[in-house]
Amino acid sequence: MIQGAMSESDPVSLAWAEIRAGLRRDCGARTFDGWLKPIRLAGHDLDAGVIELVLPSQFMASWVESNYAERLALAWRSMLPAIRHVHIRAGDVAGDAAAQTAPLDIPATETAVAPEPEPQANGGAALDARYTFDNFVVGKANDVAYNAARTVAEGGQLAFNPLFFHGGTGLGKTHLMHAIGHEYRRRHPGAAVIYMSAEKFMFEFVSAMRSKDTLAFKSRLRSADLLMIDDVQFIAGKDSTQEEFFHTMNEIISAGKRLVISADRSPQDLEGIEGRILSRLSWGLVADVNPADFELRLGIITKKLEGMPQVSVPQDVAMFLARRIQANVRELEGALNRVIAYAMLTGRPIDVDFVSETLADQLRASTRRITIDEIQRKVSDHFCIRQAEMTSARRAREVARPRQIAMYLAKQLTPRSLPEIGRRFGGRDHTTVIHAVRQIEKLRKADAEIDADVRLLMRQLEG
Ligand SMILES: Nc1ncnc2c1ncn2[C@@H]1O[C@H](COP(=O)(O)OP(=O)(O)OP(=O)(O)O)[C@@H](O)[C@H]1O
């Protein structure tokens, strides 16, 4: 029997969230937004191995069927091996408006459980109910951006305008913008808040030009009390859109309204964007959103798990994920979703072995390559000895012990063979490396201080 509505954390919804995130990564924003984003998960029958997907029109359903059926089937099978058939059809797409802007890697966009979109006066996209300040974890990587976002949202006198966020993909810029929108609206009921991607800005502007009706477009945007334009790098090289964008910026700023803009890089690095736009951006507050460090990654996992009280994930698993998935927060969330989905399906408890197995490919791909040179440098710095001691013949304890620790770390954190490690430590024999590894293993059990040193070094090296 095909089941309909699903809850946020049922395995099929989690798998679907993960598949959508993968499609977005692989197919590019344009194809994804045009054809794949509107797909809704309508139901499933796991016993029969069937998944049912719907699109808002027959035309779209046929297009997706002919171009993506195979890929979708493969993706489903890789997440849930029991799936044998993915049925694609046109139909009523419940919750569509909300799902259009919902993030890809968080479930709950589906069918009856889709969050109601907030009313969006003046167009733009609806704000996503899950992107709030409460759900945003603050750390060193994003505290400047977070504080600036709060300031804009609170609505008092602004010492800066616009606020410009920049940072790599999946680090929380869109989340912060939606959070500003929610908070500003909460404090100023009835205010006109517009959030829009720069791509949508371009699309709407070009459509308005074609139908010779740019006036409505201009006045709609300029009536905003808070205007937020995401991913402005998309309008690089688009001259007439940039012209309009520049005037919109000016109007909003000179009317004392609030403007928030984001891009994937800093104003200096935004190639193909007019100088006058860049200098306008630089007049405001430029806040970077950096890759999350270990503590922040752990905080984000912990926060997500707080929202899923029915799921039990031990602390060492949370730490393992935070240590190993370093690329960005979107991937981290995706990995966690995947682990939970698999665990629910297989009924296996979530421990480190289970996670390593489930995420084997992702872990291989996202592991940063740590070099022996890096290890030698870090260990020498830590113990305040010269790096040359790593390869020297001196056997005094104050250099021999750090050298052994470095050999141990080289064995644990790199794929290098024992003879190769020996060679890189001043042409030592592989038996010397084996001895060092055993020695440090023994000392870690017996001496808490050495164990703490090794842990700290590992954490620093693994980012
Ligand atoms: N500090 C954080 N706390 C909680 N969740 C976060 C944090 N940073 C990012 N996320 C989550 O990571 C995911 C990706 O974030 P978001 O979409 O905001 O990234 P982005 O920087 O806008 O990326 P892109 O440029 O690709 O659009 C979202 O689900 C978001 O909720």
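Note that the structure is a prediction, hence the values are computed from the model and not measured.

## Concerning the overall build of the protein chain
Then step 1. Looking only at helices and strands, the protein chain has 20 helices and 8 strands in total.
Then step 2. By residue count, 52% of the 463 residues in the protein chain fall in the buried class.
Then step 3. Within the protein chain, contacts between residues separated by at least 24 positions form 73% of all contacts whose residues are at least 6 apart in sequence.
Then step 4. Here the protein chain has roughly 21,200 Å² of accessible surface; of this, 51% comes from carbon and sulfur atoms.

## Overview of the site of the ligand
Then step 1. Around the ligand, the surrounding shell holds 20 residues, and the nearest of these are T169, G170, T174, H175 and E333.
Then step 2. Between the ligand and G170 there is a distance of 2.7 Å, counted from an oxygen atom to a backbone nitrogen or oxygen.
Then step 3. For the ligand, an oxygen atom lies 3.0 Å from a polar atom in the side chain of R330.
Then step 4. Protein coverage of the free-state accessible area of the ligand, which is 630 Å², stands at 94%.
Then step 5. Its residues assigned to classes, the shell around the ligand comprises 7 nonpolar, 8 polar and 5 charged.
Then step 6. Each of domain 2 (143-288) and domain 3 (294-366) contributes no fewer than three residues to the shell around the ligand.

## What about the sheet that holds strand 5 (residues 193-197)?
Then step 1. As summarised here, the arrangement of the 5 strands in space is 5-6-7-4-8, forming an open sheet in which the pairing is parallel. Each of the sheet's edge strands pairs with one partner strand only, and the pair in question is strand 5 and strand 8 (285-288). Taking the axes of each pair of neighbouring strands and ignoring which way they run, one obtains an average angle of 15 degrees across the sheet.
Then step 2. Here strand 4 (residues 163-166) pairs with strand 8 via 4 bridges, running parallel. Counterpart to F164 in the pairing with strand 8 is V286.
Then step 3. In this fold helix 5 (residues 143-154) packs onto strand 4, strand 6 (226-230), strand 7 (258-263) and strand 8, with an angle of close to 150 degrees to the strand it touches most, strand 4.

## Looking at the UniProt feature "binding site: ATP" (unreviewed entry) in the protein chain
Then step 1. As recorded in UniProt, the feature "binding site: ATP" (unreviewed entry) lies at G170, G172, K173 and T174.
Then step 2. Position of G170 among the secondary structure elements: in the loop between strand 4 and helix 6 (173-187).
Then step 3. G170 sits in the buried class, given a relative accessible area of 12%.
Then step 4. In contact with G170, other than residues within four places in its own chain, are N328, V329 and R330.
Then step 5. With respect to the helices and strands, T174 occurs in helix 6.
Then step 6. With relative accessibility at 25%, the residue T174 sits in the partly exposed group.
Then step 7. The contact partners of T174, leaving out residues within four places of it in the chain, are Y131, Y195 and D230.

## Some remarks on the environment of S312
Then step 1. Among the secondary structure elements, S312 is positioned in the loop between helix 11 (294-306) and helix 12 (315-324).
Then step 2. Among the residues examined, S312 registers a relative accessible area of 60% and is labelled exposed.
Then step 3. Sequence separation of S312 and I350 is 38 residues, and the distance between their C-alpha atoms is 7.4 Å.

## Quick notes on the pattern of salt bridges
Then step 1. Enumeration according to the criterion identifies 22 salt bridges in this entry.
Then step 2. D264 serves as the salt-bridge partner of R265, at 2.7 Å between the closest nitrogen and oxygen.
Then step 3. Close ionic contact of E398 with R394 constitutes a salt bridge, the shortest N to O distance being 3.4 Å.
Then step 4. Each of K218, R222, E244 and E251 takes part in one network of salt bridges that share partners.

## Examining the packing of aromatic side chains
Then step 1. Applying the stated criterion to the full structure yields 6 aromatic pairs.
Then step 2. Aromatic side chains F133 and Y146 sit 5.6 Å apart centroid to centroid with 85 degrees between the ring planes, which places their arrangement in the edge-to-face category. Within this pair, whereas F133 is found in the loop between helix 4 (96-101) and helix 5, its partner Y146 is found in helix 5, the two being separated by 13 residues in sequence. Each member of the pair, F133 together with Y146, is buried.
Then step 3. Ring geometry for F205 against F217: centres 5.8 Å apart, planes inclined by 45 degrees, an arrangement best described as tilted. One end of the pair, F205, is in helix 7 (residues 198-210); the other, F217, is in helix 8 (residues 214-222), and 12 residues separate them in sequence.
Then step 4. Residue F205 is classed as buried on the basis of its relative accessible area, which comes to 5%.
Then step 5. Site record: aromatic cluster; members linked through ring pairs are F201, F205, F217 and F245.

## A word on the sheet that holds strand 3 (residues 85-90)
Strand pairing in a sheet takes place through backbone hydrogen bonds and is either antiparallel or parallel in direction.
Then step 1. Pairing in this open sheet of 3 strands is mixed, and the strands run 1-2-3 from one edge to the other. The sheet is open, and its two borders are formed by strand 1 (40-45) and strand 3, each paired with just one other strand. Strand after strand, the sheet turns through a mean of 20 degrees between neighbouring axes, direction not considered.
Then step 2. Relative to strand 3, strand 2 (residues 50-55) is paired through 6 bridges, and the arrangement is parallel. Its bridge partner being in strand 3, I51 is matched across the sheet by V86.
Then step 3. Helix 1 (residues 11-27) contacts strand 1 and strand 2 of the sheet and is inclined by roughly 135 degrees relative to strand 1.

## Some remarks on the packing of helix 9 (residues 239-254) against helix 10 (residues 275-283)
Any two packed helices are characterised by the angle at which their axes cross and by the distance between the axes.
Then step 1. Running from amino to carboxyl end, helix 9 crosses helix 10 at an angle of 30 degrees, the nearest separation of the two axes being 10 Å. Judged by the inter-axis angle, helix 9 sits roughly parallel to helix 10. At the point where helix 9 passes helix 10, the crossing takes the left-handed sense. Residues Q242, E243, F245, F246, M249, N250 and I253 of helix 9 lie in contact with helix 10, whose contacting residues are R276, I277, R280 and L281.
Then step 2. For the contact of helix 9 with helix 10, the per-class residue count stands at 6 nonpolar, 2 polar and 3 charged.

Quick notes on the rules
- Residues numbered from 1 in each chain as written.
- Predicted model: local features only at pLDDT ≥ 70, side-chain atom pairs only at ≥ 80, totals over all residues.
- Heavy atoms only, no water.
- Helix = DSSP H or I, 4+ residues; strand = E, 2+ residues; numbered from the N terminus.
- Buried < 20%, exposed > 50% of the residue type's maximum accessible area, 1.4 Å probe, protein only.
- Contact = heavy atoms within 4.5 Å.
- Areas by Shrake-Rupley, 256 points an atom, 1.4 Å probe, with all protein chains shown as cover.
- Near = heavy atom within 4 Å.
- Polar contact = N/O pair within 3.5 Å; in protein donor to acceptor, adjacent residues only side chain to side chain.
- Nonpolar A, V, L, I, M, F, W, Y, C, P; charged D, E, K, R; others polar.
- Domains from an automatic or database assignment.
- Pairing = 2+ DSSP bridges.
- Axes fitted to C-alpha atoms, helices over the stretch in contact; angles between N-to-C directions.
- UniProt positions renumbered as here; feature names shortened; annotations may be inferred.
- Salt bridge = Lys/Arg side-chain N within 4 Å of Asp/Glu carboxyl O.
- Phe/Tyr/Trp six-rings, centres within 6.5 Å; stacked < 30°, edge-to-face > 60°.
- Parallel < 35°, antiparallel > 145°, perpendicular 65-115°, else oblique.
- Left-handed = near helix turned anticlockwise from the far one by under 90°.

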